[in-house]
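One letter stands for each residue in the lines below.
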Amino acid sequence: MRGGGTRLVWLLVLALACWSLALGGAEEEEDGEVVVDREEEEEVLSDELKEEDDVLVLHQNNFARALKEHQLLLVEFYAPWCGHCQRLAPAFAQAATMLRNESIPVRLAKVDATAQVALAKEFNITSYPTLKLFQHGNRTHPLAYTGRMDTEGIVRWTQRRAGPSATLLQDTDTTAAFISSQDLVVVGFFKDLESKVAQVFYEVAGEMVDMPFGVVEAAELFKEYGLSADTVCLFKKFDERRTDFPVDPVQGLLVAELTQLLRVHSLKLVMEFTPETSNQIFSAKIPHHMLLFLNKSSLAQQELQDGFQAAASTFRGEVLFVVVDVSGHGAEVLSFFGMTPADTPTLRLVRMENNRKYRMDQDSFTARDIQTFIRAVLDGKVKPHLLSAEPPEDWDRRPVKVLVGKTFEQVAFDETKNVFVKFYAPWCSHCQAMAAAWEELGERYRDHEDIIIAEMDSTANELENITISGFPTLHYFPAGPGRKVVEYKSARDVETFSKFLENGGILPEEPPVVTKTPENSTGSEELSLLGTPETREEL
């Protein structure tokens, strides 16, 4: 849900992407010769470690020294022109200061990847900012940073890497106090803390930094909590209060499986969509979301939550149940579903992999009816509910034809036409940047009988068999049978578009296009399943 607006739209995160690599340097030409500033050359050749705001400034010649002197080194690879890097800089510096003040043995450093090209290549830097943790001088296998891109997230993540990722609990009083300390607490009960399954638990604890992890080995504590074998327990102050995950004696523990189990079961059975919960909702990686849209200012509508709550436990891990209050924060997602507050109360199920939405038509909100509807959708017995605007009266009179969901099939798959379609979002800056070129292309081909230049607003129109995952997306539908679709992925200018069309939907072999500015980029703003924006700009 990127793009600088305050409007959170369900599953729509504006993602700035694909700014091209801008190489910089201290060299300039004089009479055909390359002249290097000698002061800069001396600085680059030195292995001295300098810092800015408690952050080490690294380059090719002092990188090895930094690895040698700091057992844990979190390095940010950035680009000076990257907006996300600029926004991260103060948080990164603040985290560096906090870590030093708290004597946590992790040092933060930064590398200008546009100037230090060899380092960027060595560590496969493909987007900005990229953070990697180097441990114990190991240069070949840095650990990718997976925490939040803010001060607290960086500090928490590095703390878990620097010290024990789980607290050792040795007696009943300490264990009880630890369990009651927060709303969510994970405790691993292992008879051998050096075992392989215990090490997997420690690894998961190092990644899931938003909840505390404890570990137990004492036999009396196994007995205190009614356990006889290795078990991971999730303690929570809501819903069922405790969920146990016994360790399979044959398979053991798998990092991905345990992580997902903890993610799923750390959520309430029914979540309310708010600014505070949106990130949890979208990062849970649950394949379906069942949404109850209601107006909480109505007591009668509030009572519908009882049946919704009762239906939820049956589908835990497969369907996430979410209440959307249209009298509050939920009003901001109504347009994504083509709804208004007057449509409440109503139910929708969303298949997250392709944003397909399914509408429950009946007026009943009982647990049984909700469960029956969900099961029918999961079994493929319900067709998706597709949005479509009404076609404008002059849709085919302009050089660029305006398509909607209702008219798309008859135009795009006309076997006598070659149809080039731009799928866009009105708020997308990349779409806005290429709008003039698309209009010029339409004008150029307006008198061609067999070529149609068209566009469709994908925020107001949906298609059953075509999924749009980024804006703008360009698809070419060649004439002839077979319902063929070609995705266009090259430069977005009129001349390249024309070459593509004149060559029958294929670009001739040519060198890669090197773009210099965001306006010329072939980037897109993406649909994302995250409730917060990805803080990356790609090369």
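Use the structure listed above.
A brief structural summary. (Residues numbered from 1 in each chain as written. Predicted model: local features only at pLDDT ≥ 70, side-chain atom pairs only at ≥ 80, totals over all residues. Heavy atoms only, no water.)

**Some details on the packing of aromatic side chains**
If you walk through the whole model with that rule in mind, you get 28 aromatic pairs. Judged by centre distance (5.7 Å) and plane angle (50 degrees), the rings of F189 and Y225 are tilted. Taken together, the residues F189 in strand 11 (residues 184-189) and Y225 in the loop between helix 8 (219-224) and strand 13 (231-236) connect sequence positions 36 residues apart. Of the residues examined, F189 reaches a relative accessible area of 0% and is grouped as buried. Since its relative accessible area comes to 16%, Y225 is described here as buried. Between Y488 and F500, the ring centres sit 4.9 Å apart and the planes meet at 80 degrees, which makes this aromatic pair edge-to-face. A residue pair is termed long-range when its members are at least 10 positions apart, and Y488 in strand 25 (residues 486-488) and F500 in helix 16 (residues 494-502) qualify at 12 residues. By the ring-pair criterion, three or more aromatic residues cluster together here, those being F420, W438, Y476, Y488, F497 and F500. (Phe/Tyr/Trp six-rings, centres within 6.5 Å; stacked < 30°, edge-to-face > 60°. Helix = DSSP H or I, 4+ residues; strand = E, 2+ residues; numbered from the N terminus. Buried < 20%, exposed > 50% of the residue type's maximum accessible area, 1.4 Å probe, protein only.)

**Concerning empty space enclosed by the protein**
Here the second largest cavity defines a volume of roughly 70 Å³. Every residue along the wall of the second largest cavity is listed here: V264, L267, K268, L269, I286, A312, R316, G317, V319, L320 and F321. Sort the elements by how many residues they give to the lining of the second largest cavity and strand 17 (residues 319-325) lands first, with three residues. Among the residues making up the lining of the second largest cavity, the classes are represented as eight nonpolar, one polar and two charged. (1 Å grid on protein atoms, 1.4 Å probe; cavity = no way out; pocket = protein on both sides within 12 Å on 5 of 7 lines; lining within 4 Å. Points joined across faces, edges and corners; volume = space filled by probe spheres on them. Nonpolar A, V, L, I, M, F, W, Y, C, P; charged D, E, K, R; others polar.)

**Comments concerning the sheet that holds strand 20 (residues 400-403)**
Across the sheet, which stays open at both edges, the five strands sit in the order 20-22-21-24-25 with mixed pairing between neighbours. The open sheet has two free edges, formed respectively by strand 20 and strand 25, since each of these has just one partner strand. Pairs of neighbouring strands in the sheet enclose a mean axial angle of 30 degrees, with direction left out of account. Pairing analysis gives three bridges linking strand 24 (residues 473-477) to strand 25, with the strands arranged antiparallel. Residue pairing across strands places Y476 opposite V486, the latter belonging to strand 25. Packing against the sheet, helix 15 (residues 429-444) makes contact with strand 20, strand 21 (418-424), strand 22 (451-457) and strand 24, and its axis sits at approximately 160 degrees to strand 21. On top of the sheet, helix 16 reaches strand 21, strand 22, strand 24 and strand 25; it is set at about 160 degrees to strand 25, its chief contact. (Pairing = 2+ DSSP bridges. Axes fitted to C-alpha atoms, helices over the stretch in contact; angles between N-to-C directions. Contact = heavy atoms within 4.5 Å.)

**A few points about the side chain of R351**
Counting through the fold element by element, R351 comes out in strand 18 (residues 346-351). Once you skip the residues sitting within four places of it in the chain, R351 turns out to touch P287, H288, R356, Y358 and V377.

**Section: helix 5 (residues 151-162)**
In this model, helix 5 (12 residues) spans 16 Å end to end at C-alpha, consistent with the 16 Å of a helix rising 1.5 Å per residue. Where helix 5 is concerned, the buried positions are T151, G153, I154, V155, W157, T158, R160 and R161. (Expected span 1.5 Å × (residues − 1).)

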